[in-house]
Amino acid sequence: MTHRDSEGPVCSLKFVILLVALSPEFLFLGAGLQLRDNGYDGLLIAVNPQVSEDQNLIRNIKEMITEASFYLFNATKRRVFFRNVKILIPATWKASNYSKVKQESYEKANVIVTDWYGAHGDDPYTLQYRGCGKEGKYIHFTSEFLLNDGLIAGYGSRGKVFVHEWAHFRWGVFDEYNNEKPFYINGQSQIEVTRCSSDIAGIFVCEKGPCPQENCIISKIFQEGCMFIYNSTQNATSSIMFMQSLSSVVDFCNASTHNQEAPNPQNQMCSLRSVWDVITDSDDFSNSLPMSGTELPPPPTFSLVQAGDRVVCLVLDVSSKMAEADRLLQLQQAAEFYLMQIVEIHTFVGIASFHSKGEIRAQLHQINNDDDRKLLVSHLPVTASAEAETSVCSGLKKGFEVVEKLNGKAFGSVMILVTSGDDDHITNCFLTALSSGSTIHTIALGSSTVKNLEELSRLTGGLKFFVPDKFNSNSMIDAFSRISSGTGDIFQQHIQLESTGENVKPQHQLKNAVTVDDSVGNDTTFLVTWQSSGPPEVMLFDPNGRKYSIDDFITNLAFRTARLWIPGTAKPGLWTYALNNTHHSPQALKVTVTSRASRSAMPPATVEAFVERDSTHFPHPLMIYAIVRKGFYPILNATVTATIEPETADPVMLKLFDDGAGADVTKNDGIYSRYFFSFAANGRYSLKVHVNRSPSISTLAHSIPGSHAMYVPGYITNGNIQMNAPRKSVGRSEEEQKWGFSRTSSGGSFSVLGVPADPHPDVFPPCKIIDLEAVKEEEEVVLSWTAPGEDLDQGQANSYEIRVSKSLQKIQDDFSNAILVNTSKLNPQQAGTKEIFKFSSELFTNRPEHQPDGEAQKSHRIYMAIRAVDRNSLKSAVSNIAQASLLILPNSSPVLARDDLILKGVLTAIGIIGIICLTIVVTHCVLKRKKRAGKKENETKLL
């Protein structure tokens, strides 16, 4: 959750105010990254366990952030700097001069340093999954980038690169270059290089050296082997989001230097706003003023922290509320599975329970083998108490006692708190939880659970889950399966392949299949749970047809679970199962399948599901996300389905898309997204995402997504071309997945307030179109975009409104008065469909249009935007602005396509050859005629 996303209940706000009044420093113990008095506190940089130990890496990180702090301070006009920074050292590093972690973990890091297998490029980048002005997920560096000084020539100093990425991450601005569209035709019909500002100078360079720009352009694209090389010495001071490597660049583009015409991501995503405009509109700038005086801020201070022994305590509610709706049984099944299968080996685990008072059930015990796991399972609660009162604070107090037995403090420990009761006094232990150094994951059962339970998770950086009172829901097991050690070592964590449940009639079956792909297979486990006494009949078949029955499973009749562990590496392919309900009445049957990576040389496919924010108020929709990737490479064309379970109503199934439309910001980045607004009622909602990928289809993208810092291929220095070392390729050939794959993961929970009684009013317009493109083809302009829906990105809109102008300012500021294009024959298609519309450019060029501020009508460039309208006349926001030139390129003959040029060359060659042949024939005939005439003359003379 980001700093601007917390929308907790009123009581939480009162508590935070109380904390500040009592002791302001407590506010920043568990809050993560915060801006206070112009300085950023709590920036967390985490090094992945796969990175080899190297103290030079830590030294270079410190130097990078220190340089970045002063550079950022000046670039933001004395607004912000980095005050203190934490670097999370992997537990695998042997040096021992590190402090112990509190609530820091790899998964919470703002900046990650990795050396993932297959990621060949060293581009620093930021993963941005939301729109303009929204915080990103993390900044990514490779250790090679941080250690290899040879890369500085191409990227610029590391501190300047960090500021470039920080602006992506913190303020949601985008790159001002575009490798896919390196040039464009401006409003004066001149060829321009995509850059910001336009004052940054350079020359076109062909394969053999400098050349005129016309030699570099064929059919409006760069000819292969051509590039634009910039001068190493510039007068321009902006922009950091274009080319941070230039020594003269010290500013972000503002309103006076911003290039609105450039076809770059910043203009597309931020509606032509300058980077500085977006930054100054952020919460950081709204809540702070520039520092007075002329002194620089102090350099950042650094803390090196490292995780010690992994310590977990289960804090379980056993009040009488747990006896309702099979809650205790679901808890027993999930906790047993967690202890037997999910929690990593060598972890110290303890158990506490509570009703009105707390009790220690098991002191810390280290897991080294299955016997240790079974011993812990034996301490799980068997029955619920007769007491209805619950005291969460009493349970947490016992939990802290358990974990403090190891090292005297709870620093770095994890609490898994499960409760179904109400507790009016839960805020009494918020301060203790916040200062404990422990991370608290909360699991709420049923609709009567204490309303601000999730505040414990928010304060300590934990996850939060909700389990509805439906026994066919697998949400409890999904929640326990999602909780991992947080080390970032994906090769040691369990991956959930399947999670399903169904109410099955007597003598009927739950039948399905799960794919075990070749990237997983180690420690594979099938878990079957049931509701009534006596296990169901089980038939499980591996890809070779081998059959497993209930006799092959380890059965716990008390908890109604059956577990099958596959020794070694499970065979890749399709595993089919059938559960037959042999009971005389209907019952819920559920199946869960987990596995681990099959080998350390290949990261497995993973899915991470989450919502945009913790809570919302009707009619504000939520955005649901699922990151599907292998290592850091996006997996494309997967079928991704979200299941949203409210407290009482039926689950909602929602398909997520990676199409760059609606809630999805970027196409083919492996982040599947969708708006969710089908709110059944007020209360908590649970989220789960299932991913399926068919076999024999290429799945991996060619490159790692994200907003990358520009690598400059070379410079012009003193009139000479000096090229940098070739940039490492980040491309990767697409893979053929012989078996496909399946994954599932909990996305936690969220809450909704203000939902009106049915029927709900129509308050959702079509979503904004963000991918409008324009292409000039002969006498027509061709527009293309992705269709929005009747309500946001779902359904089918009623009509489109397309307007055109010769003035960029007019279409941007006064869309409703720009020229309206006739769209009477354009019928919107289903949301997500690609739309194409053509209109005559002559109709527009022959039509007068009032120009603002006396602007002359000399431009041959037109600007277009679109918005959708639903049946109730609700209108979407105006789309991104597309542009097209109505004239051919200036200062050159008409541009021909490559095939036309080849054909013209062939015909020219044939013509020349024909002329030569004709000349030879004519010459031959003339010479022959002269020879014959000479012969007759000689004969006459002889006579």
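Residues numbered from 1 in each chain as written. Predicted model: local features only at pLDDT ≥ 70, side-chain atom pairs only at ≥ 80, totals over all residues. Heavy atoms only, no water.

### Some words on the overall build of the protein chain
If you tally the helices and strands in the protein chain, you get 17 helices and 51 strands. For the protein chain, with 943 residues in total, the buried portion stands at 55%. For the protein chain, contacts bridging at least 24 residues in sequence account for 76% of all contacts bridging at least 6. Accessible surface computed for the protein chain: about 40,100 Å², of which carbon and sulfur atoms make up 51%. (Helix = DSSP H or I, 4+ residues; strand = E, 2+ residues; numbered from the N terminus. Buried < 20%, exposed > 50% of the residue type's maximum accessible area, 1.4 Å probe, protein only. Contact = heavy atoms within 4.5 Å. Areas by Shrake-Rupley, 256 points an atom, 1.4 Å probe, with all protein chains shown as cover.)

### Some words on the packing of helix α2 (residues 55-75) against helix α5 (residues 158-171)
Here α2 crosses α5 at 70 degrees, and the two axes come no closer than 8 Å. Looking at the two axes, α2 sits roughly perpendicular to α5. In the crossing of α2 with α5, the sense of the turn from one axis to the other is right-handed. Packed against α2, whose contacting residues are N60, M64, I65, E67, A68, Y71 and L72, the element α5 presents R158, G159, K160, F162, V163, W166 and W171 at the interface. Class assignment for the residues of the contact of α2 with α5 results in nine nonpolar, two polar and three charged. (Axes fitted to C-alpha atoms, helices over the stretch in contact; angles between N-to-C directions. Parallel < 35°, antiparallel > 145°, perpendicular 65-115°, else oblique. Left-handed = near helix turned anticlockwise from the far one by under 90°. Nonpolar A, V, L, I, M, F, W, Y, C, P; charged D, E, K, R; others polar.)

### Overview of the side chain of Q794
Its place among the elements puts Q794 in the loop between β46 (780-786) and β47 (799-805). Within the structure, Q794 has its side chain in polar contact with the backbone oxygen of Y675 (distance 2.9 Å). Each residue touching Q794, except ones within four places of it in the same chain, is listed here: L654, R674, Y675, F677, G789 and A831. (Polar contact = N/O pair within 3.5 Å; in protein donor to acceptor, adjacent residues only side chain to side chain.)

### Here we look at helix α14 (residues 475-482)
Residues three or four positions apart in an α-helix share a direction because the helix packs 3.6 residues into each turn. Extensive coverage of α14 is indicated by the burial of seven of its eight residues. Inspection of α14 places S475, M476, I477, D478, A479, F480 and S481 among the buried residues, and these make up the whole buried set.

### What to know about the pattern of salt bridges
The full count for this structure, using the stated rule, is 28 salt bridges. Residue K86 pairs with E104 through a salt bridge whose shortest N-O separation is 2.6 Å. Note that K86 is positioned in strand β5 (residues 84-89) and E104 in the loop between β6 (99-100) and β7 (111-114), a separation of 18 residues in sequence. Taking relative accessible area as the criterion, K86 reaches 26% and is therefore assigned partly exposed. Accessibility expressed as a relative area gives 14% for E104, which makes it buried. Ionic pairing is found between R327 and D469, a salt bridge with its closest N-O pair at 2.7 Å. Separated by 142 residues along the polypeptide, R327 in helix α9 (residues 327-342) and D469 in the loop between β23 (464-467) and α14 bring together distant segments of the chain. On the basis of relative accessible area, R327 is assigned to the buried category, the value being 4%. Each of the salt bridges in this network shares a partner with another, and the network as a whole consists of E801, R803, R867 and K875. (Salt bridge = Lys/Arg side-chain N within 4 Å of Asp/Glu carboxyl O.)

### Topic: the sheet that holds strand β48 (residues 819-820)
Read from one edge to the other, the open sheet built from four strands follows the order β48-β47-β50-β51, with strand pairing classed as antiparallel. A strand with exactly one partner marks an edge of an open sheet, and here the two such strands are β48 and β51 (882-885). Pairing between β47 and β48: two bridges, direction antiparallel. Within β48, the position partnered with V804 by the bridge is I819. (Pairing = 2+ DSSP bridges.)

### A look at the packing of aromatic side chains
Each pair of aromatic rings is reported with the distance of its centres and the angle of its planes. On inspection of all chains with the given rule, the structure shows 35 aromatic pairs. Ring geometry for F82 against W166: centres 4.9 Å apart, planes inclined by 85 degrees, an arrangement best described as edge-to-face. Taken as a pair, F82 in strand β4 (residues 81-82) and W166 in helix α5 lie far apart in primary sequence, 84 residues in all. Like W166, F82 is buried. On the basis of an interplanar angle of 55 degrees and a centroid distance of 5.5 Å, the ring pair of Y338 and F480 is categorised as tilted. In this pair, Y338 sits in helix α9 while F480 sits in helix α14, placing the two residues 142 residues apart along the sequence. Note on accessibility: Y338 and F480 belong to one class, buried. Over the aromatic face of F610 sits the side chain of K137, whose NZ or CZ is 4.3 Å from the ring centroid. The ring of F815 carries R803 above its face, with NZ or CZ at 5.9 Å from the centroid. (Phe/Tyr/Trp six-rings, centres within 6.5 Å; stacked < 30°, edge-to-face > 60°. Lys NZ or Arg CZ within 6 Å of the ring centre and 35° of its normal.)

### Quick look at the pairing of strand β43 (residues 720-723)
Where strand β42 (residues 714-717) and β43 come together, four bridges link them in antiparallel fashion. Within β43, the residue paired with G714 across the bridge is M723. What sits between β42 and β43 in their antiparallel hairpin is a turn of two residues, with N718 showing a positive phi close to 50 degrees.

### So, the nonpolar core
Grouped together as the largest cluster of nonpolar side chains are 70 residues, with contacts concentrated most on L43, F162, W166, W171 and F252. Ranked by residue count, the leading element in this core is α2, at nine residues. Setting aside chain neighbours within four positions, we find W166 in contact with L33, Y40, L43, L72, F82, I139 and W171. One finds A46, V607, I635 and V640 within the second-largest nonpolar core, a separate group that totals 53 residues. (Core = buried A, V, L, I, M, F, W, Y, C linked by side-chain atoms within 4.5 Å.)

### A closer look at the state of the cysteines
What the rule picks out here adds up to three disulfides. Residue pairing for C132: its cysteine sulfur links by disulfide to C270, the two sulfurs lying 2.1 Å apart. Judged by the sign of its S-S torsion, about 105 degrees, the bond between C132 and C270 is right-handed. Of the two residues, C132 is situated in the loop between β8 (125-127) and β9 (138-142) and C270 in the loop between α6 (265-269) and α7 (275-280); the sequence distance between them amounts to 138 residues. (Disulfide = S-S within 2.5 Å.)

### Considering the sheet that holds strand β24 (residues 495-504)
What the five strands build is an open sheet, ordered β24-β32-β26-β30-β29; its pairing is antiparallel. Looking at which strands have only one partner, the edges of the open sheet turn out to be β24 and β29 (554-556). In this sheet, adjacent strand axes meet at a mean angle of 15 degrees when their direction is disregarded. Pairing of strand β26 (residues 520-530) with strand β30 (residues 561-569) involves seven bridges; the strand directions are antiparallel.

### Here's the deal with the side chain of S532
Turning to its location among the elements, S532 is positioned in the loop between β26 and β27 (537-541). Apart from residues no more than four positions distant in its own chain, S532 is found in contact with R560, H583 and Q587.

### Here's the deal with helix α10 (residues 370-377)
Every buried residue of α10 is accounted for by D372, R373, L376 and V377. Seen end-on, α10 carries its buried residues on one side only, within an arc spanning 140 degrees. Buried positions along α10 lie against α9, β19 (348-354) and β20 (358-366). Two or three places before D371, at the start of α10, stands the capping residue N369, its side-chain oxygen 3.0 Å from that residue's backbone nitrogen. (Arc of directions from axis to C-beta.)

### Points about the pairing of strand β31 (residues 573-580)
Counting buried positions over the eight residues of β31 gives six, a clear majority of the element. Relative to β31, strand β25 (residues 509-516) runs antiparallel, the two being bridged by eight bridges. By the bridge assignment for β31, A513 is matched with T576. As paired elements, β27 and β31 share five bridges and run antiparallel to each other. Among the inter-strand pairings, E537 is bridged to a residue of β31, identified as N580.

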